[in-house]
Amino acid sequence: MTASADLVTLGPGAVILGLESSCDETGAGLVRLTEDGVELLGQELASSQDEHARFGGVVPEIASRAHLEAMTATVHGAFTKAGVPFGAVDAIAVTSGPGLAGALLVGVAAAKAYAAAWGVPLFGVNHLAGHVAADTLEHGPLPSDTLALLVSGGHTQLLHVQSLAGQITEVGTTIDDAAGEAYDKVARLLGLGYPGGPVIDKLAATGDPKAIAFPRGLTGGRDNGYNFSFSGLKTAVARWVEQAERDGRELPINDICASFQEAVVDVLTAKMVRAATDLKLSTVVIAGGVAANGRLRALAAERCEAAGLTLRIPRPGLCTDNGAMIAAVGAHVVRAGAFPSSGTLSGNPGMLVSQVLAG
């Protein structure tokens, strides 16, 4: 990595490599700065998801080892798909946090090595900001004031995004389980495997969302109006299943999935619209792995249209963890002008979303 602490500002034509290794997916992506935005050149992704399936969730040690094994091939694959000569980049961005400590360490170590070898500046950036930045790869620059609903396996947050270069404020968050975590736990309860989101979404499509009146968490005015809670919903599903089994009834899996999913997306979209309206923000972005959910996308579109809000959701391939989103947030940082991260850069599992760039 270069030792220079000089301010770095890059303009149109600059190419940024992004590396992502916060959880169970190893991602590398390349983007180019344009006159008014960011262009995706190519990306590569390797997942260790299948290795975690038998455990019902991500095992940190397995994830870290998988990143180590996949990193080199993933980076080379990204350059090949982008049509960019290997190492021909102007800067590198890497996920510094939040995430699994060991997994983050692999990505940061790789990024440091590439930056040193190629003599380019390195920027440790926030994984959560990357999810929001992913939308700019498809729909162009965000308005200066945007509300983002970030919903994934580890995070459920409402964010006021003034600038992807460093002005992001948390408006609301989950006080217990994240939405994606609730999907995984309910899927495990029903014997549907891991990860739970895609399979529940698929089964829910042929179920009745009104079949079971599952509770809507934190809708009784006990919080600031923008926080979330899904632990009680998960418990309610477990209790309903237990009672049905005691009664000797066959479980209506599709109806359970549809009713559970409706309870989740109902709360997510209602609070998203309320926050945007209260804050007088006209554009909302849904980002993160759960943003690929079909019912969430449909209900969000319906409610945003009714409220006169502009809705932006990146295509499913940009919703899950990937290197392109990290390159995108890195591009926003260097366009605005930033000092490279120091040589002591490390992974920060608890990195707050308000800190877009690691020092």
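Refer to the structure presented above.
Residues numbered from 1 in each chain as written. Predicted model: local features only at pLDDT ≥ 70, side-chain atom pairs only at ≥ 80, totals over all residues. Heavy atoms only, no water.

Chemist: Give a description of the pattern of salt bridges that names residues and reports values.
Modeler: All told, the structure shown has 12 salt bridges when counted by the stated rule. Note that Glu 242 is salt-bridged to Arg 239, the shortest N-O span being 3.3 Å. Of the two residues, Glu 242 and Arg 239 both sit in helix H8 (residues 231–246), 3 residues apart, roughly one turn of that helix. Classification of Glu 242 by relative accessible area gives partly exposed; the value is 32%. Take Arg 239: its relative accessible area is 49%, and that puts it in the partly exposed class. When salt bridges that share partners are traced, they join Asp 177, Glu 181, Lys 185 and Lys 234 into one network. (Salt bridge = Lys/Arg side-chain N within 4 Å of Asp/Glu carboxyl O. Helix = DSSP H or I, 4+ residues; strand = E, 2+ residues; numbered from the N terminus. Buried < 20%, exposed > 50% of the residue type's maximum accessible area, 1.4 Å probe, protein only.)

Chemist: So what's going on with unusual backbone geometry? Residues and values would help.
Modeler: Residues other than glycine predominantly adopt negative phi, and peptide bonds predominantly adopt the trans conformation. Following Gly 97, the chain continues to Pro 98 via a peptide bond in cis, the omega torsion being -10 degrees. Note on placement: Pro 98 falls in the loop between strand E4 (91–97) and helix H3 (101–118). With omega at -5 degrees, the peptide bond leading from Tyr 194 into Pro 195 counts as cis. Checked against the element boundaries, Pro 195 lands in the loop between helix H6 (179–189) and helix H7 (196–204). In this structure, Leu 218 is a non-glycine residue whose phi angle is positive, near 50 degrees. Assignment of secondary structure puts Leu 218 in the loop between H7 and H8. Look at Leu 218 and you get buried, because its relative accessible area is 9%. Backbone geometry at Lys 280 places phi at a positive 60 degrees, although glycine is not the residue there. Using a relative accessible area of 74% as the deciding quantity, one classes Lys 280 as exposed.

Chemist: Which residues make up the sheet that holds strand E2 (residues 25–33), and what values go with them?
Modeler: Pairing is mixed across the open sheet formed by 6 strands, whose spatial order is E3-E2-E1-E4-E5-E11. Of all strands in the sheet, those bounded by a partner on one side alone are strand E3 (38–47) and strand E11 (357–358). Bridging between E2 and E3 involves 9 bridges; their strand directions are antiparallel. Its bridge partner lying in E3, Arg 32 is registered against Glu 39. Against the sheet, H3 touches strand E1 (15–20), E4 and strand E5 (122–126), its axis set at about 160 degrees to E4. (Pairing = 2+ DSSP bridges. Contact = heavy atoms within 4.5 Å. Axes fitted to C-alpha atoms, helices over the stretch in contact; angles between N-to-C directions.)

Chemist: So what's going on with the sheet that holds strand E10 (residues 310–312)? Which residues, and what values?
Modeler: Taken together, the 5 strands give an open sheet; going across it, the order is E8-E7-E6-E9-E10, and neighbouring strands pair in mixed fashion. At either end of the open sheet lies a strand with only one pairing partner, and these are strand E8 (167–173) and E10. Each adjacent strand pair in this sheet contributes to an overall mean axis angle of 25 degrees, direction not counted. In the sheet, strand E9 (residues 283–287) pairs with E10 via 3 bridges, with the strands oriented parallel.

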